[in-house]
Amino acid sequence: MAAAAAPTVFLLMVNGQIESAQFPEFDELYCKYCFVYGHDWAPTTGLEEGISQITSKNRDAQQALVWNFPIDITFKSTNPSGWPQIVVSVYGPDLFGNDVVRGYGAVHVPFTPGSHRRTIPMFVPESTSKLQKITSWLMGRHPEFTDPKVVAQGEGREVITVRSQGFVTISFNVVTKDMKKLGYDVSPSDMQNPSVVSLTDGIHNH
């Protein structure tokens, strides 16, 4: 019998939940998510984006906004460069009842298999002048990105004035397949391995 062909791609399987958020100043919020990834990556199953239900604050001391909104997607790739990120946008009503953005944030899918939890600091773009701030308040129009995916890209972000606002917590369950066969080792016990360090450095450099 002929030997099985060596794999040419590896798989990254991700599921979990956008669990909750902390936005002390706001209530009645919902979230949207989307994945951003490099040219060598392609989703094979699952959803690349989604929108949650509206949730209200818990009436306990922490006043968390709980969504427990599921995420579930599988990617294939030939190259770890461009490792997927999840971009989260949170929206809620302003004083006039208009839906406005309350925060943007992004985080890489964890590199190592297993269960992980990440808390993402959120931010919003700011009007750059007092006149713009007053006008946007009166008109009920607040600065926001036309495409939230720019949050994950970084280029040009330094010229945008932003304000930190709130946190979102996400749980991930990560499974990889055939990475080791393609020469990549991201097992949790080997996180001090130089090949893993160079792998994650390569991801951040792209």
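Residues numbered from 1 in each chain as written. Predicted model: local features only at pLDDT ≥ 70, side-chain atom pairs only at ≥ 80, totals over all residues. Heavy atoms only, no water.

### Structural notes on the pairing of strand 1 (residues 10-22)
Here strand 1 runs beside strand 5 (residues 65-77); their pairing, made up of 11 bridges, is antiparallel. Bridge pairing in strand 5 places Phe-10 opposite Ser-77. Examined bridge by bridge, strand 1 and strand 9 (residues 162-177) share 11 bridges and lie antiparallel to one another. For Leu-12, the partnering residue across the bridge sits in strand 9 and is Thr-176. (Pairing = 2+ DSSP bridges. Helix = DSSP H or I, 4+ residues; strand = E, 2+ residues; numbered from the N terminus.)

### Looking at the packing of aromatic side chains
Each pair of aromatic rings is reported with the distance of its centres and the angle of its planes. A full pass over the atoms with the stated rule returns 11 aromatic pairs. Relative to Tyr-184, the ring of Phe-10 has its centre 6.0 Å away and its plane inclined at 70°; by these criteria the two rings are edge-to-face. A residue pair is termed long-range when its members are at least 10 positions apart, and Phe-10 in strand 1 and Tyr-184 in the loop between strand 9 and helix 2 (194-204) qualify at 174 residues. Lying over the aromatic face of Tyr-91, Lys-32 brings its terminal NZ or CZ to 4.9 Å of the ring centre. (Phe/Tyr/Trp six-rings, centres within 6.5 Å; stacked < 30°, edge-to-face > 60°. Lys NZ or Arg CZ within 6 Å of the ring centre and 35° of its normal.)

### A short note on the pattern of salt bridges
On inspection of all chains with the given rule, the structure shows 4 salt bridges. Salt bridges linked by common partners bring Lys-177, Asp-178 and Lys-181 together as one network. (Salt bridge = Lys/Arg side-chain N within 4 Å of Asp/Glu carboxyl O.)

### Overview of the nonpolar core
Ranked by internal contacts, the top residues of the largest apolar core, which has 33 residues, are Ile-18, Val-88 and Val-168. When contributions to this core are tallied by element, the ones reaching two or more residues are strand 1, strand 2 (30-36), strand 5, strand 6 (85-93), strand 8 (114-125) and strand 9. No other element matches strand 5, which puts 6 residues into this core. Look past the residues within four positions of Ile-18 in its chain and what remains in contact with it is Cys-31, Tyr-33, Trp-67, Asn-68, Phe-69, Ile-71, Val-88, Val-168, Thr-169 and Ile-170. By size, the runner-up hydrophobic cluster in this structure holds 10 residues, among which are Tyr-91, Val-101, Tyr-104 and Phe-123. (Core = buried A, V, L, I, M, F, W, Y, C linked by side-chain atoms within 4.5 Å. Buried < 20%, exposed > 50% of the residue type's maximum accessible area, 1.4 Å probe, protein only. Contact = heavy atoms within 4.5 Å.)

### Looking at the environment of Pro-113
Here Pro-113 is to be found in the loop between strand 7 (99-108) and strand 8. Residue class for Pro-113 comes out partly exposed when judged on its relative accessible area of 25%. Once the C-alpha coordinates of Pro-113 and Val-175 are considered, the two residues, 62 residues apart in sequence, prove to be 5.0 Å apart.

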